[in-house]
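# Coordinates in review
Residue-level listing of the chains:
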Amino acid sequence: MLSDGISAPPHPGRVRRRARLSARKLRFVTFYLLLEAKFCRFLPLTLSSRRDAFQEAVTMASISSLGAGSGLFTNDLVNQLVSAERAPAELRLNQRQAEAEAEISAYGKISSALEALKEPLDALSDIDSMRAFVGSSSNESVATASVDVSSASRGSYSLDVQQLAQAQSLASASFADRDTTAVGTGTLSLNVGGTVTDITVDGSNNTLDGLAAAINDSNAGVSASVIDTGSGFKLVLSADESGTANAVQVSVTDSDGDNTNASGLSQFAFDGVTSNMQETVVAKDAIFNINGIEVTQPGNTIEGVIDGVTFNLLSVGTSVVKVDQDPDAVTERVQAFIDKFNELQDVVSSVAGFDSGSGVGGVLSGDSAVRSIQNTLRGMLTSIPAGLENSPIRTLGDIGITTDPSTGKLEFDESLFKDQLQGYPDSLTTLFAETDSGDGIAAKMAVSLDGFLKSDGLLDNRTDGLNKTLENISDQRIRLDDRIASYEERLIRQFSAADSLIAQIQSTGNYVSQQLAAIAPQSSSE
């Protein structure tokens, strides 16, 4: 300060130093402000995933180099963000797919159970389903019996077999060989049951073997064979059918002009006048008495004498053949229906039931299709078929078939059923089968099952709908994959840009630090 209070002017060297320092500070502040402005432009862009303003900052770094500049935006971070983005949608699709597949499987189980039930229902729908007869013989060495349930009736038949039927057999004279010696030429005529078959014999087949082959090829109702007797060879003819009506006559037109002598082709003549062949077995009819009535038949298998009963005659003698109803066979048919119905209830319970204790239901719990099937079948179980309104047998309960209300399964009183079958066979037929009066319970159920199981039926439509759901889920998965791929791509672009910019900022910061460090010593020295 001067004595009069006026300050002294600053020293010129100090003024120059202050100016240089101020200029340096100004340049640093200006650079900092520019850097800050650039960084502030970056922040809003990183907060928006739907802009592409970073393109200028992207350094074309690959995903393998993420985080190299900052150590923040790494591959791990990208993978975690991608997984977090995918997880909710994928979980939802997985759950829906699992539900649809479980429902398809459940409908398949119900369909299989219905198909299994249809088989015994079809059997019971037949008008002969309640008819079952069995034949028995008191002497099975004499005769047995088989029964056709569609036409048989109960009965007892006394058989007295006096003669069994047999097929005729003829044998020729003996020949030295079977395939060399000529047996003659001409025409051999076989008459079996009034049907005549002509066989031409010439140089191509005029041996025993040739003649036998020609006869067998003619389908004349005669079988021919050559037998080696040990002392020669004989042609043997056997009628295909037993009985006198099927006896064989052989007439000859011999090329040597003599049709009756024992040389040439005529040595095989056997026509009731000329007998150059030996009748080794005589044709016979079966002769037997049935309940005192004599019957003659060409064979030993006797059909048509008694409706629905076939007698098999085995030897001469007597036997009593009985045809009785077979309640066990009918009971087995009904039991098969009950078993399959109960198996259906088990399947329905497993896929559509509800456990009140746990509060958990099956995959089809409350399903309207399952409920419709159950209601239809249960309604038929309690129905009264047409024609039985005034009958002592009107419902399944009347024959021992009842429903357990706790399970929906059927219970079967076999003893009661057999008693009712014995007393009211026709009513039981009407109860189950398709008759002139209308459809019985089994017939109606079979028709309903056809409706449920047909290609455009209730179950098929449900399954088709679920398959379309699976196709839709598959399409959604493709769209999800595309969206996630796009999202991952966007993250990589944004992270690469951010990583590159941070690297630049760090590099600039290092430069600024170096400049400040360079300035500081000069300032101190001044």
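Coordinates for the structure precede this section.
Presented here is a report on the structure given in the accompanying data block.

### Some details on the sheet that holds strand β1 (residues 133-137)
One open sheet holds the 5 strands; their spatial order is β1-β15-β3-β11-β12, and the pairing between them is antiparallel. Looking at strand neighbours, the two that pair on one side only are β1 and β12 (293-297), the edges of this open sheet. Pairs of neighbouring strands in the sheet enclose a mean axial angle of 25°, with direction left out of account. Examined bridge by bridge, strand β11 (residues 286-290) and β12 share 5 bridges and lie antiparallel to one another. Looking at β12, one finds that Asn289 is bridged to Glu294.

### A closer look at the nonpolar core
For soluble globular proteins, nonpolar side chains are generally found buried alongside one another. Grouped together as the largest cluster of nonpolar side chains are 48 residues, with contacts concentrated most on Phe337 and Phe432. Of the residues forming this core, the biggest block, 10 residues, is contributed by helix α4 (residues 327-352). Excluding residues within four positions of it along the chain, Phe337 makes contact with Leu117, Pro120, Leu121, Leu124, Leu381, Leu410 and Met445. Judged by nonpolar contacts, the second largest core, of 29 residues, contains Ala224, Val226, Leu235 and Leu265.

### A look at unusual backbone geometry
Even without being a glycine, Asn219 presents a positive backbone phi close to 50°. By the secondary structure assignment, Asn219 is in the loop between α3 (208-217) and β7 (222-228). Its identity as a non-glycine residue notwithstanding, Asn291 has a phi of 50°, on the positive side. Relative to the helices and strands, Asn291 is located in the loop between β11 and β12.

### What about the packing of aromatic side chains?
Inspection of the entire model under this criterion finds 4 aromatic pairs. Judged by centre distance (6.1 Å) and plane angle (85°), the ring pair of Tyr157 and Phe311 falls under edge-to-face. Here Phe311 lies in strand β14 (residues 309-313) and Tyr157 lies in strand β3 (residues 155-163), a separation of 154 residues in the sequence. This pair shows no difference in class: Tyr157 is buried, exactly as Phe311 is. Aromatic side chains Phe412 and Phe417 sit 5.4 Å apart centroid to centroid with 65° between the ring planes, which places their arrangement in the edge-to-face category. Classification of Phe412 as buried rests on a relative accessible area of 19%. Residue class for Phe417 comes out buried when judged on its relative accessible area of 0%.

### Side note on the sheet that holds β14
Within the open sheet, the 3 strands sit side by side as β2-β14-β13. Their pairing is antiparallel. Two strands close off the open sheet at either side, each with one partner strand: β2 (143-147) and β13 (301-306). Ignoring strand direction, the axes of neighbouring strands in this sheet form an average angle of 30°. The pairing of β13 with β14 spans 3 bridges and is antiparallel. Its bridge partner lying in β14, Ile306 is registered against Val309.

### Side note on the environment of Val147
Note that Val147 resides in strand β2. Counting along the chain gives 160 residues from Val147 to Asp307, while the straight-line C-alpha distance between them is 9.0 Å.

### Description of the packing of α4 against helix α6 (residues 414-423)
At a minimum axis separation of 10 Å, α4 and α6 run at an interaxial angle of 125°. Our classification of the angle between α4 and α6 gives oblique. Every pair of crossing elements has a handedness; the one defined by α4 and α6 is right-handed. Counted together, Pro327, Asp328, Val330, Thr331, Val334 and Gln335 of α4 and Glu414, Phe417, Lys418 and Leu421 of α6 form the full contact between these two elements. The class makeup of the residues in the contact of α4 with α6 is 5 nonpolar, 2 polar and 3 charged.

What counts and what doesn't
Residue numbers run consecutively from 1 along every chain, following the written order of its sequence. A pLDDT threshold of at least 70 governs which residues receive local features in this predicted model, and a stricter bar of 80 or more applies before side-chain atom pairs are shown or counted, although totals over entire chains, interfaces and linings include all residues. The side-chain values count all of the structure's non-hydrogen atoms but skip hydrogen atoms and water molecules. Two strands pair if DSSP finds at least two bridges between them. Secondary structure elements follow DSSP: runs of H or I no shorter than four residues count as helices, runs of E no shorter than two count as strands, and numbering proceeds from the N terminus. Where helices are involved, their axes are fitted lines through C-alpha atoms of the stretch in contact, as for all axes, and angles between N-to-C directions lie from 0 to 180°. Residues enter a nonpolar core if they are buried and are Ala, Val, Leu, Ile, Met, Phe, Trp, Tyr or Cys, with the set joined through side-chain atoms within 4.5 Å. The classification of residues rests on relative accessible area computed with a 1.4 Å probe and restricted to protein chains. Under 20% of the type maximum is buried, over 50% is exposed, and intermediate values are partly exposed. We call two residues contacting when some pair of their heavy atoms lies within 4.5 Å. Aromatic contacts are taken between Phe, Tyr and Trp rings whose centres are within 6.5 Å, Trp giving its six-membered ring; a plane angle under 30 degrees counts as stacked, one over 60 as edge-to-face, and the others as tilted. The labels follow the angle: roughly parallel below 35 degrees, roughly antiparallel above 145, roughly perpendicular from 65 to 115, and oblique for the rest. A crossing counts as left-handed when the near helix is turned anticlockwise from the far one by less than a right angle, and as right-handed when that turn is clockwise. Just so you know the grouping, Ala, Val, Leu, Ile, Met, Phe, Trp, Tyr, Cys and Pro go in nonpolar, Asp, Glu, Lys and Arg go in charged, and all remaining residues, Gly too, go in polar.

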